[in-house]
Structure formats: C-alpha cells, structure tokens
Amino acid sequence: MCGIVGFVSLRDNPASRHLAAANNRIAHRGPDDSGLYLDPRQRAGVAMRRLAILDLSPAGHQPMVWSEPEGEVAIVFNGEIYNYRELRAECEIAALKLRGVPIAWRGTSDTEAVLWAYLLWGKAMLPLLDGMFAMGIWDGRSGRMLLARDRFGVKPLYWAANRRVFGFASEIKALLELDDFGRELDPIAIGQYVSFLYTPGQRTMLRSVRKLEPGLAVEVTPGGMEAPWRFTRALEFGPPDRALTEETAADKLRHLLKTAVHRQMVADVPVGAFLSGGLDSSSIVAFARTHTNGSRLRCFTFGRKGVPEGQEGYVADLPYAERVAQHLGVDLHTIWVGPEMAERFAWMVAQLDEPQADPASLNAFYICQAAREQGVKVLLSGAGGDDILSGYRRHYALMSEPYWSWLPDVVRGGLRMMSGALHRKNPFARRLAKALQYADWPQGDRLISYFLWLHPDLTAGLLAPDFMAGARTDNLLAPMRAAVAELPPGTHPLNRMLNLDTRFFLADHNLNYTDKMSMAAGLEVRVPLLDPELVNFTTTLPVDFKQRGRTGKWIFKKAMEPLLPADVIYRPKTGFGVPLRRWLQHELRTQVDDTLSDAVLRRRGIFDPEGVRRLIKLDREGAVDATYPIFALMCIETWCRTYVDAGIPGGRETVFA
Amino acid sequence: MKILHLVYECLPGAYRGGVQKMVAELALAQGCRGDEVEIWAIGDGPVTQLGPRTLLRYFPGRIRWGSSALRQALLAGHARFDLIHSHNTFLPLNVAAAQAARRGAAVYYHAHGALDPQLLRGWGPKEVKKRLYVSGMERRNYDVAQGIFGLTEAECAQLQLVGAKAPIFEVGNGIVLQPPAESLAVANFRLVHRVPYGGQVILFIGRITHKKGLHHLIDALPRIRERFPEALFVIGGDREQDVEYVRALDQQISALGLIDAIRWVGFLDEVGKRAAFASCRLFAHPSYSEGMALAILEAMAAGLPTVVTPGCYMSAAVRAGVLTESAQDAGRLAEAITALFANQEAAARLGAAGREYVQKYHTWDAVAGRLDRIYRKEPEVAPFIATPVS
C-alpha cells in the first residue's frame, strides 16, 4: 500500500522537473520509504511513497528496477497482491522455461513478483493478479509506460496530459504538483457530483484530470496515450447455476469468505478489522479471529455522541458491535464522534481529492487513525458486500420494477406529479417520493434513478448558465447508461443494478473514500468480500438467493447463521454515516448559509444563487429532500478553495465559510 | 482413394458432440495422407475446403428425418467415390448409405460408441427402442456393408451380437496432438482456479452426468486425503448438462466436507484443456460407459498418468500397461490414485508410456492409416472375432 506518481515526456519534451515534489505531496500514503526513478534517456520517471506491509526489508524498496541489455524496466506499485506467493512460483517455472535461468529474487515482496510476471509475459500478465492495485511500469526497452488499475478500483489512479507531459498519480494533489495540467472545472462532473454525490466513471472536477477506470489498463509512449483496454470486469453474469441449492450455496459462500479472509491476512505487520456490528464486518471478523497466531484480533468501531435512536432512521451500531465482539471473543475499540467532526469537513474534502459529499468518510478516518495509533497497520473492511450480494434498500425497491412497465404512461406520469405533494421530512414519504418522481422514465434510466440524490432537472436549475457554456446536463447519466447498455440482453434488473453498484457507487464512492481516508492515517484497508473467487461465485447465484422479498443478502445471512447471533444477522440495515439532515438544519445551519451565500456563489460562478437559495428553502420546508446535494454544494465550494484558489492543495486545515 | 464421409451435421469451429469433430479430423488426416475426401452433411452453407483435398458439402434436410437431396445425390453420384464411410447410427443417412451399397457402392459404417452395451442394456423405453431399431433396421444396413467399425473390443462384441454379415473391425478414436500449453495459460489456470503447482491434483474433463461416475471419485477423495491431505480434484465440464446429478454431487461434497478440495473449472476449450493437463498430476475417468473417451486419449497424450474404470472400455491400453484400470468403487479408486501419487517415478513412467501409446495408435494419422489398410482389405488387418459369450 503506497502512493505512486510518474510521467512520460511527450514528443521529446524535457522530463518533468517536479517528480520529487509530486511524490512528496502524497507522503501521507507512504511514511516508511520513498524512491524515484528517471529513465536514463529522461523519457519517463516514476516515484513512490511506501507503506511497508509485506517484506519490510530494503529489498521491498520502490521503484523496483530490473536491467536488461535492451533497457531498464521500473515498476511503482500501490496495493497488495494476495496470490503473490503462487505468482512467484509460476514466475520461477516460466523463467526456467522461457529464459533458461532461475530468478534471482532480491526479496519477498509482491511487487517483485509483479515485475517478474511483466518481464516474462508483458501486459498479458494482468489477469493473473489477485489483489487491489494501481501500478505503473516503465519499460525502457520499448519506451512504453503501462498503467493498470484493479478489477474493482480499490486503489485509485488518476492521469492528466498536456502538450509536454503525460502524468499519473494515486492522488490528484500529486498530479497538480507534477506539471501544469490546467485547473478548468468540468461542468458535467460538477453536475454529477450534485446529482450522485460522486462522479461515476472517468471524470473528475478538473477537465484535465481523469480517473483510469477499474479493470482498465493503458499504455503511454512518447507519442501519447493509446486506447485503454479492459483486462477484467467487475461482475460478469452468466446464466444462474441451477444446480445450487440453498444449503450448498450457503456452504460454498461461507467457505469462500473464510478462504478470502485468511488469504487477505497475509502481512508482515499487525492486522485488525472494522467492526460495525453489521453482517459484512461481523462475518469477516468471525473468520479473521481464528487466523491471528494466538493473539486476540483488534477490532474498531465508532459511537455517535448524543444521537437519539430513531433519528433520521438511525439505529445505533455500537450495541451490535459490542455483542459481536463478545460473541466472537475479539477486542473492540470504540471511537466516539459527534458534531465537532464538522470542523474537519474541509480537511476531509481536501484529503479525498474529490468533493465527495459523505461524512461517513470521516468516520473511516477516525477509525483508521485510532488503529494506527495502536500499531495496527492493516484493517479488514466489509466494503463490497452490499454491492455484490444485494444489500441496499434500492435493491429491494427494485423488485417492484417489473410492475412499473405494466402501468400505462399516463398513470406513471400522474404518479410522478403526485410525488411532489409528499412531504419529505418523514423517511417513508421521502423514499416513496423518490421512487415516484422517476415513474415516467424509461426502464434503463429508472435503474439509474435509484442512484440519484437530486433530479437532473433540479441539478440543471442549480448550475449557472454561463458556467455550463453548452455542456448538456443529459450527459450526467452517460457513463451509467453506457454500462447498462454493455450488459447482455436478458440480464435480470437486480444484476444490472449490482453491476452499476460495483462499477460506480463502490469504485467511485465507497472505495475512493476508504482509500483516501485510510491513507491519510497511514493505514491499509483490505476488502475480502471482493475476493475474485467469491465475487465470481456470487455472479452465478440465482437472483432470489441474493434478494428474497425484503431480505437482502439472503444467502449470505443463511451462510453466517452457524457463526453469528441471529439478531446481528437479521438486524435492520444502517449506514456508516452521521445525522447530516439534523446537522445541516441546526448545528451547521450558519455554515450552510455562509458557504452558499449569494456573494460566495456569484464569485465562484458555478451555481445560480437563486437556484441554490430555492433548493435550500425547499429542503428546509420539507418539500424536497436535498440534504446531501446541499452538502455536496458546500463540498464543491470548499474543494474549489483548496484546489483552485489556493494553488496546490496542501491539506491545510480550513473550515467551511 | 476417393472417400466420402456421411455425417448428420458438421459445423467446423462449433462442433456439437464428438462425432462431428471426429469425422472432420479423420477426413483431414485422410486428406493429408493423399486421399481425395469429401464430407457430406445435413445443413446449410457453402462448399468449404476444410484442408488439403478435403471438401465439406451441405445438403438441406433435418438430422432426424434425413435429407432427400443428399440421398438423391448419393444414389446418383456414389460411383465417383471408392467408398462411403457413414457415421450415422440410428439415423436415416445410414439407410441412404445402404441403398447406395445395394447399387454397388462400397460402404462402411462407424458406430462411434452408439452400440456400447451399456447404452442398450435394460428395459427402459429408450433402450428397448434402440434394440428394436438395431435388430430391425441397422442390421439390414450392416448386412450390405463392406465393414463395420467399433471403437473398442466391447463395442465390437456388441456389433457381433447384432448378427450382421459384414466383418467387424476395431478402429479406435484419434486425436490431434497438441503442443504443450503456453506458460501464461498454465499460470492463468493455476492462479485463477487456485490449483497449486506440483500438488496432488486429480483431473476429470467431460460431460458431468451420472454416467461418468464422478460420485465414486468424490467418495474416494477423503481416503486419498488421509495420505495426501492437500489432494484436490479438478472437474472440467458444464454444470448445466445434468443439473440433478450436479446437485447431488454438490450435496455429497458438502456432506463430506470437501468444498475446499474440489475445483469446478467449467467448460474448457482447447487452450483451457491443455492448461488443465499441464496443471494436474493425474487424470481419472471413473465412467460407467464410454465409446472411447477423447478426454482420456488427450490426457494420455499430454503425458498424464491416467486411471480409468472398466466402463471406459480401454482394455487394449490396459493390456499394454499404459494406463491403470480400477474397479468402479471408491476404495479401489483411492488405492489406485494414492499409489500413483506415492510413487512419482511409476506415475511418470505410466504417463510417458501413455503418451507413446497414443502417438502410436490414436493420432488421426494412425487411425487413417489403419482404415486405409482395412479399405484396401489388406490381409494383415483381421476382423474382430469376439471371445464367445457364455
């Protein structure tokens, strides 16, 4: 787990002079070591900051360079390869066969195994890797830089290019330090932030900076960037496996999760776990606790100060976490958070690189920070379970989708109009209104509508016409529409939605904040539920094994019955968040008004002050539920102050307003 | 020679079922040896040059009901060929070939395992229908033939019981020898399916149906793991062909606590098969009944020591000492497999002998050579004479 940065000089331009500075910009990602490599002919360079997890010796130093008569090959690698031992064995066999000599390993790191896999098989080796990663391999022999990002996008990778240089980095901060790529804002990305609270797909806030999407690889030469190709897909659904029974599927799932957890506990440093008391994290802890070489597994959770049960549908996690900890015999450390965390929102936005409007990110940071203070350097997380096994409310809501198509257009149009009359302060009315307001959309778009926090018409009304300058707001849905269109006809709507979940919500939201926040604390988070074998198995499950009536993750729950208390397994679902609705209307009300004042908005020029004022008013009256979009507007303004106004972001402590 | 193969269907690149593939590969081998070969098949498509001197022609019709166009062309044009080789047991194309034989054509029939005794035994409607068809219709076809080909001794014995006048010859299956798998493909197979390098890994490839007897191998696995706790069983094949059977296997695996010891790797294409052969230590085929399973020959050609059951009808190879035959029983299978895992030298010898045997007798070139001698009625190729059945 590290931070990486690098460049390729385009069209014989001189090498970037700022590689070391860019690398320093992500020092928080790798406090243990740093390194830099420049191609002898100055065509390219790579650098990295290292958080040492496997092979703590200097042999794990990066960039790792191998010299061949035709040139040098240098790798910078961020992440972990869980099958690196097996990969090393395969490399040894292949090296004897293809090169006729054994490999003289320098150390035992996974990066060295990846380097050798590349030396032996070139870019075709990418599908062999089981793990989370973002990497850059400069091949001086051919003058090509290979970039690749893992199947689910657990590790981030951004790129940017101008006439002189192509750059890539784990974080936007480092890219902006590397060269002048321009800081023009991307209106479509901003529209997406407001609508989804993150940008699905490759866009970022800056026109010049793009994400390399999960499962993609690309090669860059001094002539420029070639077309990216997909070397793996997050979810590939075939026909369901009709031979599976409930018992055999549950057995298999339990076995696969156990194997995944144990495989992902490989580390030369202490490993702990998140424990919210929900099904996903509890299941991981249930298997991890037996694999700790005799010591008690250290688990971490958070408690919310002064939030009454039932507020905003809030159900306290802590009692469940404590119950699971006691049941499984693990240590539980509780980190208490309250409204004072709002003071760190600006820091959070700067750290996230993208103005993700989700305060849950801070909870993750506090937990990682506490774990790190206790010497734990790796935490296992339950991220991904909801996305592959149907764990969100929208998955249940989706089960009514076939009935929508039975309704005539005129009825659906009427339902949409009715949605405006529902008062949004009541959680049920809020959800119903959300369901109805897209009643007249076509089926594919309705699927996407479940991810929207704000209707695109409302989003369009918020954006200043001058800022949009011809950008079409109907492009907001484009990446998701493309992803839906890629699926084979006949794919069940639930599987279509899980595909959208993993491609976008998981990668661009959950995993992004998990990576950035854990890295800010100098800690690695691993996600055993995204183990490839386990995920592949879930794609063969019949739909009703995932969502049965109101019960999501049904087969997962059955699988865990022998190991976890029933009241934990079947507890109501809660988020990982904070009572933001209440905070924005009470504790943070002044900050909302100041950060989104007419003067501030007019100066920024992104949003139409009148539109924003109207949205805030409607939200406070309960006519629309725009808590999170309003928070997104605040995050965008804050992000601009850090990334656009202040030059290069320095993670300085600022507060809203 | 000018040879005409008749087969119910032939879709190069998308063969459904083994017979189509075998006919095409045999025809290609004959073409390469210098014969002029045509394949006539029911279907729709242009005349296709499959290889040197090897043409594929389609005639409209339906597999089950035959093709009147093909029949007419056959009756009108059989004289262009030195012989007709028909591969259509239980189908009307065999009748058309017999009509041509009655007009003077030299016709040979290839049963391709369809008359395997196991398939004709019993009193189920399917078995009874097949027996009636064989005695009433297929025997009349065979009566006018120059020769009938059975894949194995067992099938030849069954053909003899039909009572046809034509001589019977044992002509086994052939395979196309494949180069060793690419190291990347092998690494990919092992890493994706989590098959450890050098471990005690048993491989099965084939249709996953009750006839294949996989439940015996799964029953054997705990006994094998008593001696080799890391032993794994890799199953290559489509789980959809016999869902009830696969479900029973899953339940058996769960009940025996073997989930971590079984790797379902799905249907394997040619590249996948080669990678699987290179990744596993031993091939096992515990079938109740086989014509002559190509997977067994392919595994042997890849140098894998191979364990079969009597239902695989590989008695000639067993007599030659190039594979191990075990009773179809968990204990015996476990013994045979454990012995090979325990004695790596013996296993390597068996694998090498199997490879040599297949190269000698079961390449399509070798099969085409044997057929050539039969077609030419060379005296050293004696027809099959069964041991009297008591």
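Residues numbered from 1 in each chain as written. Chains lettered and ligands numbered in written order. Predicted model: local features only at pLDDT ≥ 70, side-chain atom pairs only at ≥ 80, totals over all residues. Heavy atoms only, no water.

With respect to the overall build of chain B
Argument step 1. Helices and strands together make up the secondary structure of chain B, namely 15 helices and 14 strands.
Argument step 2. For 390 residues, the compact-globule formula gives about 21 Å, and the C-alpha radius of gyration of chain B, at 22 Å, lands near that figure.
Argument step 3. When the backbone C-alpha atoms are referred to their principal axes, chain B occupies close to 65 × 50 × 40 Å.
Argument step 4. Evaluated residue by residue, chain B yields a buried proportion of 56% over its 390 residues.
Argument step 5. Expressed as a percentage of contacts within chain B between residues at least 6 apart in sequence, the contacts between residues at least 24 apart total 67%. (Helix = DSSP H or I, 4+ residues; strand = E, 2+ residues; numbered from the N terminus. Rg over C-alpha atoms; globule rule 2.2 N^0.38 Å. Buried < 20%, exposed > 50% of the residue type's maximum accessible area, 1.4 Å probe, protein only. Contact = heavy atoms within 4.5 Å.)

Quick look at the overall build of chain A
Argument step 1. Looking only at helices and strands, one finds 29 helices and 18 strands in chain A.
Argument step 2. Relative to a compact globule of 657 residues, whose C-alpha radius of gyration would be 26 Å, chain A shows 24 Å and is just as compact.
Argument step 3. The principal-axis extent of the C-alpha atoms belonging to chain A is close to 75 × 60 × 50 Å.
Argument step 4. For chain A, contacts bridging at least 24 residues in sequence account for 73% of all contacts bridging at least 6.
Argument step 5. Split by element, the accessible area of chain A, about 23100 Å² in all, is 52% carbon and sulfur.
Argument step 6. If the 79 positive side-chain charges of chain A are averaged to one point and the 75 negative ones to another, these points end up 2 Å apart. (Areas by Shrake-Rupley, 256 points an atom, 1.4 Å probe, with all protein chains shown as cover. Lys, Arg positive; Asp, Glu negative; His and termini not counted. Charge placed at Lys NZ, Arg CZ, Asp CG, Glu CD.)

What to know about helix 9 (residues 243–255) of chain B
Argument step 1. In a regular helix each residue adds 1.5 Å, so 13 residues correspond to 18 Å; helix 9 of chain B covers 18 Å between its end C-alpha atoms and thus fits that length.
Argument step 2. Looking at helix 9 of chain B, one finds that the buried residues are B:V243, B:Y245, B:V246, B:L249, B:D250, B:Q252 and B:I253.
Argument step 3. On the buried face of helix 9 of chain B, the contacting elements are helix 6 (246–263) of chain A together with helix 8 (214–227) and strand 11 (262–266) of chain B. (Expected span 1.5 Å × (residues − 1).)

Remarks on the nonpolar core
Residues and elements named next belong to chain A.
Argument step 1. Formed by 118 residues in total, the largest nonpolar core has its most connected members in M125 and M135.
Argument step 2. Aside from chain neighbours lying at most four places away, what touches M135 is I4, I75, V76, F77, V114, M125, L126, L129, L146, L147, A148 and L157.
Argument step 3. Core analysis: the second largest hydrophobic core is formed by 87 residues, L19, M205, L580 and F607 among them. (Core = buried A, V, L, I, M, F, W, Y, C linked by side-chain atoms within 4.5 Å.)

A few points about the pattern of salt bridges
Residue and element names in this part refer to chain A.
Argument step 1. By the definition in use, this model includes 63 salt bridges over all chains.
Argument step 2. A salt bridge links R203 to D186; its shortest N-O distance comes to 2.9 Å. Linking R203 in the loop between helix 5 (187–196) and strand 10 (209–211) with D186 in the loop between helix 4 (172–178) and helix 5, this pair joins segments that are 17 residues apart in sequence.
Argument step 3. Here D186 falls in the buried class, since its relative accessible area comes to 2%.
Argument step 4. When salt bridges that share partners are traced, they join R29, K155, E171, K173, D353, D515 and K516 into one network. (Salt bridge = Lys/Arg side-chain N within 4 Å of Asp/Glu carboxyl O.)

Here's the deal with the confidence of the model for chain A
Where the model shows low pLDDT, its predicted coordinates should not be examined in detail.
Argument step 1. Taken as a whole, chain A shows an average pLDDT of 90; of its residues, 94% reach a score of 70 or greater.
Argument step 2. This stretch, residues 650–657 of chain A, has a pLDDT under 50; its non-local contacts, to residues over four places away or in other chains, come to 26 contacts. (pLDDT = per-residue confidence, 0-100.)

What to know about the environment of A:P222
Residues and elements named next belong to chain A.
Argument step 1. Structurally, the position occupied by P222 is in the loop between strand 11 (216–221) and strand 12 (224–225).
Argument step 2. For P222, a relative accessible area of 24% gives the class partly exposed.
Argument step 3. Taking the C-alpha atoms as reference points, P222 and V8, separated by 214 residues in sequence, lie 6.3 Å from one another.
Argument step 4. Beyond its immediate stretch of four places on either side in the chain, P222 contacts V8, S9, L10, R11 and G143.

Structural notes on the side chain of B:H5
Argument step 1. Within the fold, B:H5 resides in strand 1 (residues 2–7).
Argument step 2. Residues contacting B:H5, with those up to four places away along its chain left out, are B:V23, B:L26, B:A27, B:Q30, B:V37, B:E38, B:I39, B:W40, B:H85, B:H87 and B:Y375.

Quick look at the sheet that holds strand 17 (residues 378–380) of chain A
All names here are of chain A.
Argument step 1. In spatial order, the strands read 16-15-14-17-18; together these five strands make up an open sheet with parallel pairing. If you trace the sheet from one side to the other, it starts and ends with strand 16 (331–337) and strand 18 (524–526), each paired once. Going across the sheet, the axis of each strand differs from the next one's by a mean of 30 degrees, ignoring polarity.
Argument step 2. Of the strand pairs in this sheet, strand 14 (residues 271–274) and strand 15 (residues 298–304) are connected by two bridges, and their pairing is parallel. Bridging across to strand 15, A273 finds its partner in C299.
Argument step 3. Along the sheet, helix 7 (residues 279–288) contacts strand 14, strand 15 and strand 17; its crossing angle with strand 14, the most-contacted strand, is approximately 155 degrees. (Pairing = 2+ DSSP bridges. Axes fitted to C-alpha atoms, helices over the stretch in contact; angles between N-to-C directions.)

Side note on the side chain of A:N83
Argument step 1. You can see A:N83 is positioned in the loop between strand 5 (71–81) and helix 2 (84–98).
Argument step 2. In this structure A:N83 touches A:L128, A:L129, A:D130 and B:L191, once residues within four positions along its chain are discounted.

Considerations on the domain arrangement of chain B
The accessible area lost on association of the parts is a frequent measure of interface size.
All names here are of chain B.
Argument step 1. Once the domains are mapped, chain B shows domain 1 (2–174 + 364–375) and domain 2 (183–361).
Argument step 2. Distance between the C-alpha centres of domain 1 and domain 2: 31 Å.
Argument step 3. Facing the 17 residues of domain 1 at the interface are 16 residues of domain 2.
Argument step 4. A buried area of about 1200 Å², summed over both sides, lies between domain 1 and domain 2, and 55% of it is on carbon and sulfur atoms.
Argument step 5. The largest per-residue losses of area from domain 1 upon contact with domain 2 belong to T152, E153 and N173, which jointly make up 34% of the total buried on that side.
Argument step 6. Seen at the junction of domain 1 and domain 2, the total is one salt bridge. (Domains from an automatic or database assignment. Buried area = accessible area lost by both parts, 1.4 Å probe.)

What to know about the packing of helix 9 (residues 345–352) of chain A against helix 20 (residues 493–520) of chain A
Working note: a packed helix pair is described by the angle between its axes plus the distance between those axes.
Residues and elements named next belong to chain A.
Argument step 1. Packing of helix 9 against helix 20 leaves a shortest axis separation of 9 Å and a crossing angle of 105 degrees. One finds that helix 9 runs roughly perpendicular with respect to helix 20. Where helix 9 approaches helix 20, its residues W347, M348, Q351 and L352 are matched on the opposing element by N512, Y513, K516, M517 and A520.
Argument step 2. Tallied by class, the residues present in the contact of helix 9 with helix 20 amount to six nonpolar, two polar and one charged. (Parallel < 35°, antiparallel > 145°, perpendicular 65-115°, else oblique. Nonpolar A, V, L, I, M, F, W, Y, C, P; charged D, E, K, R; others polar.)

Things to note about the sheet that holds strand 10 (residues 232–236) of chain B
Residue and element names in this part refer to chain B.
Argument step 1. Taken in spatial order, the six strands make up an open sheet running 11-10-9-12-13-14, and their pairing is parallel. With one partner strand each, in any of the chains shown, strand 11 and strand 14 (324–325) form the two edges of the open sheet.
Argument step 2. Note that strand 10 and strand 11 share four bridges and pair parallel. Residue I235 lies in a different strand from strand 11, and its bridge partner there is W264.

As for the pairing of strand 9 (residues 201–205) of chain B
Residue and element names in this part refer to chain B.
Argument step 1. Counting buried residues along strand 9, five of its five residues qualify, which places the element largely inside the surrounding structure.
Argument step 2. Burial along strand 9 is two-sided: V201, L203 and I205 facing one way and I202 and F204 facing the other are all buried.
Argument step 3. Two strands pair when backbone bridges link them, and strand 9 and strand 10 are joined in this way by five bridges, in the parallel orientation. Its bridge partner being in strand 10, I202 is matched across the sheet by F233.
Argument step 4. Since strand 9 and strand 10 lie parallel, the crossover through helix 8 that links them has a hand, and here it is right-handed. (Right-handed = clockwise from strand over helix to strand, strands pointing away.)

Comments concerning the domain arrangement of chain A
Residues and elements named next belong to chain A.
Argument step 1. When the domains of chain A are assigned, the result is domain 1 (2–230), domain 2 (246–336 + 359–390 + 513–569) and domain 3 (397–496 + 579–645).
Argument step 2. Between the C-alpha centres of domain 1 and domain 2 there is a distance of 29 Å.
Argument step 3. Counting residues at the interface gives 25 residues for domain 1 and 24 residues for domain 2.
Argument step 4. Taking both partners together, domain 1 and domain 2 bury about 2000 Å²; carbon and sulfur atoms supply 60% of that area.
Argument step 5. Together, I53, Y82 and F152 form the three largest contributors to the area buried by domain 1 at its contact with domain 2, with a combined 30%.
Argument step 6. Along the contact surface separating domain 1 from domain 2 lie four salt bridges.
Argument step 7. Here R29 and D515 are joined by a salt bridge, their closest N and O atoms 2.9 Å apart.
Argument step 8. Our count for the contact surface shared by domain 1 and domain 2 stands at eight residue pairs in polar contact (both at pLDDT 80 or more). (Polar contact = N/O pair within 3.5 Å; in protein donor to acceptor, adjacent residues only side chain to side chain.)

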